[in-house]
Amino acid sequence: MSVDGERELPAGWAWVQLDQVCDVTGGIQKQGKRRPVKNKFPFLRVANVGRGSLNLGEVHEVELFEGELDRFRLRDGDLLVVEGNGSPDQIGRAAMWRGAIKDAVHQNHLIKVRPTSCIDPQFLELLWNSPTISAQLMKVAQSTSGLYTLSTSKLNRVEFALPPLAEQYRIVEALEEQLSRLDAGIGTLELTRRRLNGLRKTIIVSSIPGELPTSWKMARVEDAGTVELGRARHPDWHRGPEMRPYLRVANVFEDRIDTADVMEMDFSGVWEKYQLKSGDVLLNEGQSPHLVGRPALYRGVPEQVAFTNSLLRFKASEEVLPEWALLVFRRHLHAKRFMREVRITTNIAHLSAKRLKAVEFPIPPLGVQKRLVQRCEELLSGVDAMEEEVGNGLRRARALRAALLSRAFTGGIVSQEPSDEPVSVLLTRLATERAAQPKAKRPRKTTAKKLTKAPAPRAAEASGPAPRAAEASGPAPEPTPAAVLAVQQEFDL
């Protein structure tokens, strides 16, 4: 049995299915009746589980019924696997439970994998988050409406090569040493990237002085050019004789226009009004508050394209360079100037054309505009080059991690010891232990209806039914005494 064909394994190793060395179970389905009023217990959700780490900053609570805590309580070493996700690369991500919270349980969108004596929990966590297992999970996960899902039966069939237990310990020790160094390097690169982003913002904001020189003038946006709102979308314009591409918020990023997903609609009779011209500056009209007003300069790509009403278009006047206008708007974005003008509706921030027109707009002489834009672009190109190197380093680190894990789980990171107990012996002993254990019976859930007293008989039935012919000849039975607890009671569940 092998996921990679009949490849020979190191001595003492064996191919196994997950259900041979782990117990796989689902979680609790949280419903309205489980409102945490009484018998409250910590309740882990998908949001708490990362890849190899747990985020316990916000842990919900759930009410448990009789016997459920014993069934669902997490133990140290349990692996929590995410059952479904909209992103393929996040399917099946998992983290080990280390007992940070007492009496914690988990929801049904997390699958609990409990290691047996054949497999080390830390080894399982590292293995599970490796490319070896991720590739398998991608194959078996179903996609329903864009959601990739797993199940306990699918996980049970996951296959992998298992080394002897003693070698598992050595692999974990070696990986922790190597990965800790790698993670330290990745952390440094990510910190560098954040600092470069901060440097980029500082360059943009400081390109325009707070105190304007005497040769400059402070105007408003409407004095520096024209502001127009794009065309509204409407079902009637999904088809028509003059279908044209148009840009929307999803296409406009800071100083970048993404042409990967450009939509079309009918612009019959209004094409000239909404057609973009090279030098137009587009700003997001509706966005999250810190991104509203995000600008990009249209430089003629894509050709023959319009814009929708989720964007504002600024056309610079003769005394303003389009590149200078872009720099001013980027400065306002990072200085959070646009945030003071937004209005929020249904959780979306909007920057109306009227409010944009009233925002201040510094105008230096054209020569100064050109020189400042050129200087800013030179500095930003240096930042971009450094960020590209950081990105290359992160990609190399990810590739190195994948290669390291692949080598570890094929026997190439530590040596094999002849004295190690082979996996086949472990499996035989585990099978014997499992066969000797009595099968656990699932406790029946006591519902509220079963705890209430049955309704009293109606008056016509109080004396009981008429005796049958076979019973009439015998003596009448003694009357049944009334119950001592003849009062209806309610019990807390």
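See the structure above.
Read on for an overview of the structure. (Residues numbered from 1 in each chain as written. Predicted model: local features only at pLDDT ≥ 70, side-chain atom pairs only at ≥ 80, totals over all residues. Heavy atoms only, no water.)

### Considering the packing of helix 6 (residues 165-206) against helix 9 (residues 322-334)
- Direction vectors running N to C along helix 6 and helix 9 enclose 120 degrees, while the axes themselves pass 8 Å from each other. One way to sum up the angle between helix 6 and helix 9 is to call them oblique. Read as a crossing pair, helix 6 and helix 9 show a hand that is left-handed. Of helix 9, the residues touching helix 6 (which contributes Arg200, Lys201, Ile204 and Val205) are Leu327, Arg330, Arg331 and His334. (Axes fitted to C-alpha atoms, helices over the stretch in contact; angles between N-to-C directions. Helix = DSSP H or I, 4+ residues; strand = E, 2+ residues; numbered from the N terminus. Parallel < 35°, antiparallel > 145°, perpendicular 65-115°, else oblique. Left-handed = near helix turned anticlockwise from the far one by under 90°. Contact = heavy atoms within 4.5 Å.)

### Side note on the state of the cysteines
- Applying the stated rule across the entire model yields 0 disulfides.
- Here Cys118 is not cross-linked by a disulfide; its sulfur's nearest cysteine counterpart is in Cys22, at 9.0 Å.
- The class of Cys118 is buried, set by a relative accessible area of 1%. (Disulfide = S-S within 2.5 Å. Buried < 20%, exposed > 50% of the residue type's maximum accessible area, 1.4 Å probe, protein only.)

### Points about the sheet that holds strand 20 (residues 286-287)
- Here 3 strands make up an open sheet; going across it, the order is 20-25-24 and the pairing antiparallel. What marks the edges here is a single partner per strand, and that holds for strand 20 and strand 24 (343-345).
- Inspection of the sheet shows strand 24 paired to strand 25 (residues 348-350) by 3 bridges, in the antiparallel sense. Its bridge partner being in strand 25, Arg343 is matched across the sheet by His350. (Pairing = 2+ DSSP bridges.)

### Some words on the packing of aromatic side chains
- This structure, assessed with the given rule, holds 9 aromatic pairs.
- Look at Phe314 and Phe329: their rings are 5.3 Å apart centre to centre, the planes differ by 85 degrees, and that puts the pair in the edge-to-face class. Highlighted residues: Phe314 in strand 23 (residues 311-316) and Phe329 in helix 9, separated in sequence by 15 residues. Accessibility classification places Phe314 together with Phe329 in one group, the buried group.
- Pairing Phe329 with Phe338 gives two aromatic rings, centres 6.3 Å apart and planes at 35 degrees, and the pair type is tilted. In this pair, the class of Phe329 matches that of Phe338, namely buried. (Phe/Tyr/Trp six-rings, centres within 6.5 Å; stacked < 30°, edge-to-face > 60°.)

### Some words on unusual backbone geometry
- In this structure, Pro302 follows Val301 across a cis peptide bond, with omega equal to 0 degrees.
- On the secondary structure map, Pro302 appears in the loop between strand 21 (295-297) and strand 22 (306-307).
- Of note, the phi angle at Asp103 is positive, near 55 degrees, even though the residue is not glycine.
- By secondary structure assignment, the location of Asp103 is in the loop between strand 7 (94-96) and strand 8 (105-106).
- Positive phi outside glycine occurs at Lys336, with the angle close to 60 degrees.
- Considering the arrangement of structural elements, one finds Lys336 in the loop between helix 9 and strand 24.

### With respect to the pairing of strand 15 (residues 243-247)
- In this structure, strand 15 lies alongside strand 18 (residues 263-266), joined through 4 bridges in antiparallel fashion. Pairing of Met243 across the sheet is with Asp266, part of strand 18.
- One ladder, built from 2 bridges, connects strand 15 with strand 22; its direction is parallel. Across the sheet, the residue bridging to Leu247 is Phe307, located in strand 22.

### Brief notes about the sheet that holds strand 5 (residues 79-82)
- Taken together, the 4 strands give an open sheet; going across it, the order is 2-9-5-7, and neighbouring strands pair in antiparallel fashion. Strands with a single pairing partner mark the edges of an open sheet, and in this sheet they are strand 2 (22-25) and strand 7. Taking each pair of neighbouring strands and ignoring which way they run, the sheet shows an average axis angle of 20 degrees.
- Across 4 bridges, strand 2 lies against strand 9 (residues 110-115) in antiparallel orientation. Of the residues in strand 9, the one forming a bridge with Val24 is Val113.
- Against the sheet, helix 3 (residues 121-128) contacts strand 2, strand 5, strand 7 and strand 9, and its axis sits at roughly 165 degrees relative to strand 7.

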